[in-house]
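Working through the structure, step by step
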Amino acid sequence: MGEKKFHPGWPVTIAGVGVNLMLGVLYTWGVISAALIDQLGWTATISQVPYMFACAMFAFSMVPGGRLQDRLGPKPVIMASAVMVGIGFIISGLFLTPVGLTIFFGIIAGMGIGTGYAAPTPAAVKWFSAKKRGLISGVVVSGFGLAPLYIAPLTNFLLSTYGIQRTFFILGGAFLILIMILAQFIKNPPHGYSPPDEEPSEIQQKVSVESAKVKVDYEWHEVLKTKQFYQLWIMFSFGTFAGLLIIGQLSKIGLEQAGMQNAYILVGIYAIFNFAGRIGCGVLSDKFGRMRTLLAMFVLQVIVYAFFATFTTPPILMMGVSVVGFTFGGMLTLFPSATVDYFGIKNFGMNYGMVITAWGIGGVLGPLLGGIVRDVTGTYGISYLVSGVLSATGAILTLITKPPKEEPIKEEIEPETVTP
């Protein structure tokens, strides 16, 4: 009786981490863009265009990806993502021009990354009780944040050994095979499933909500009618703008601002703290609440960006990058958890797909601003200032964002007759 059974959600969670470890190649663009500038003579602004498109496609493809995950399950969605990422990288190696990389890395691979990212987190979260939503979201998305830790040195090695073209070939083939394998282990729980770690109080709470006939699962069109959706969206775009500005040009910032010849190390440091932020903020938010934890993250960002331009020695810059990585990683855990809390678990894939389009806006504007400011002024100082102001605005929004008010369910629709 006291013996604990193995939780069926853990294999799904671990496989989800593996998929995100592959898809996190998006965060190594700082290494690739440096090679494009140094080896092919691209400007800093042009080097960010493929990455900008990849970030946008990553975010906006999560809407259809999330919808398909809710309807078809995660496996076919992740397998389709493997094909898009693999083909996008391989063909990118054949067209090493701004237009070629924008189409094949930015659009095709970016769409594959977003489609694949949309599936593991909703699938894993559905296997666990509400009290572990922050933790499980953090664990699954931590793979995406941790990816640069191995992909950055690997990409750096491949670039110096085989050149840009073969690097794209090798990475594309590896991602295609590995994501395909991991997809076989990721599935949604069966209809009527109850998590084994769900406590009696949580079950009673569900019964109370159902008997009171209040809405707990929002459809996407209902989500769009709530002010909470727009508050989450604005906070997410502001919170990720700063992090994406930094990671997209990290190698160049390290070299030019602190004289770091081995500036790719910063990508690894960023990855470690990104990983720590995703899991750490998940645990903290389960205990203290999503908005309180978000407030702390935004305040940290305001402080670090106020002084980021003065981080001109490697040790100090490493500390600054650590804070940015931790807060950015935390955002990617807190917003999916808040989406479930506010709008329910049933349509999580689609609903979070809409929320994370904010990440795409941050991904477009952050790197683009960083590149333009660098080319015009020779530094990134103005970019840091903008990031700090946006973070301060996000902090204010956390103080006024509350869960949606309970709404009655229409009498003619009985919840128990609706099929998933």
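Residue numbers run consecutively from 1 along every chain, following the written order of its sequence. Reporting in this predicted model follows two pLDDT cut-offs: at least 70 for local features of residues, and 80 or more for side-chain atom pairs to be given and counted; totals over whole chains, interfaces and linings ignore these cut-offs and use all residues. To get the side-chain values, take all heavy atoms of the structure and skip hydrogens and water.

Some words on the overall build of the chain
Here is the rule we go by: In this description a helix means any DSSP run of H or I spanning at least four residues, a strand means any run of E spanning at least two, and both kinds are numbered starting from the N terminus. Note on method: radius of gyration uses C-alpha positions; expected globular size equals 2.2 Å times residues raised to 0.38. Type-normalised accessible area, obtained with a 1.4 Å probe on protein chains alone, sets the label of each residue: buried when under 20%, exposed when over 50%, and partly exposed for intermediate values. Whether two residues are in contact is decided by their heavy atoms: any pair within 4.5 Å suffices. Note on areas: Shrake-Rupley, 1.4 Å probe, and residue coverage restricted to the protein chains presented here. Two residue types count as positive, namely Lys and Arg, and two as negative, namely Asp and Glu; His and chain ends fall outside the count. One atom stands in for each charge, and that atom is NZ of Lys, CZ of Arg, CG of Asp or CD of Glu.
Secondary structure assignment for the chain yields 20 helices and zero strands. In terms of C-alpha radius of gyration, the chain reaches 21 Å, essentially the compact-globule figure of 22 Å for 420 residues. Taken along its principal axes, the extent of the C-alpha atoms in the chain is 65 × 45 × 45 Å. Classification of the 420 residues of the chain by burial places 55% in the buried group. Nonlocal contacts in the chain, meaning residues at least 24 apart in sequence, comprise 85% of its contacts between residues at least 6 apart. For the chain, the exposed surface amounts to about 17100 Å²; the carbon and sulfur share of it is 70%. The chain carries 26 positive and 21 negative side-chain charges, and their two centres are separated by 4 Å.

Regarding the pattern of salt bridges
Note the threshold: Any Lys or Arg side-chain nitrogen located within 4 Å of an Asp or Glu carboxyl oxygen qualifies as a salt bridge.
Counted according to the given criterion, the structure contains three salt bridges. Close ionic contact of Asp70 with Lys126 constitutes a salt bridge, the shortest N to O distance being 3.5 Å. Of this pair, Asp70 sits in helix H5 (residues 62-72) while Lys126 sits in the loop between helix H8 (120-125) and helix H9 (133-146), placing them 56 residues apart in sequence. Residue class for Asp70 comes out buried when judged on its relative accessible area of 19%. With a shortest N-O distance of 3.0 Å, Asp286 and Arg290 are connected by a salt bridge. The class of Asp286 is partly exposed, set by a relative accessible area of 29%. Bridged by salt links that share partners, the residues Asp286, Arg290 and Asp341 form one connected network.

Concerning the side chain of Asn20
Examined against the element boundaries, Asn20 turns out to sit in helix H1 (residues 9-23). What makes Asn20 buried here is its relative accessible area of 0%. Not counting chain neighbours up to four residues away, the residues in contact with Asn20 comprise Tyr117, Pro120, Val140, Val141, Gly143, Phe144 and Ala147.

Things to note about the domain arrangement of the chain
The figure often quoted for interface size is the accessible area lost as the parts come together. Basically, it comes down to this: Annotation comment: domain bounds sourced from an automatic or database domain assignment. Summed over both partners, the accessible area lost on bringing two parts together, with a 1.4 Å probe, is the buried area. As used in this structure description, the phrase polar contact means that two N or O atoms lie within 3.5 Å; if the pair is within protein, one of them must be able to donate a hydrogen and the other to accept it, and residues adjacent in sequence are counted only when both atoms belong to side chains.
Each domain of the chain was delimited in the assignment, giving domain 1 (8-184) and domain 2 (214-400). The interface of domain 1 with domain 2 comprises 48 residues on the first partner and 51 residues on the second. Taken over both partners, the interface formed by domain 1 and domain 2 buries close to 4000 Å², and the fraction arising from carbon and sulfur atoms is 71%. Counting across the interface, domain 1 meets domain 2 through zero salt bridges. Applying the counting criterion to the domain 1 and domain 2 interface returns five residue pairs in polar contact (both at pLDDT 80 or more). When contributions to the side of domain 1 that touches domain 2 are tallied by element, the ones reaching two or more residues are helix H2 (29-40), helix H3 (44-47), helix H4 (49-60), H5, H8, H9 and helix H10 (148-183). For the side of domain 1 that touches domain 2, the leading source of residues is H9, giving 11 residues.

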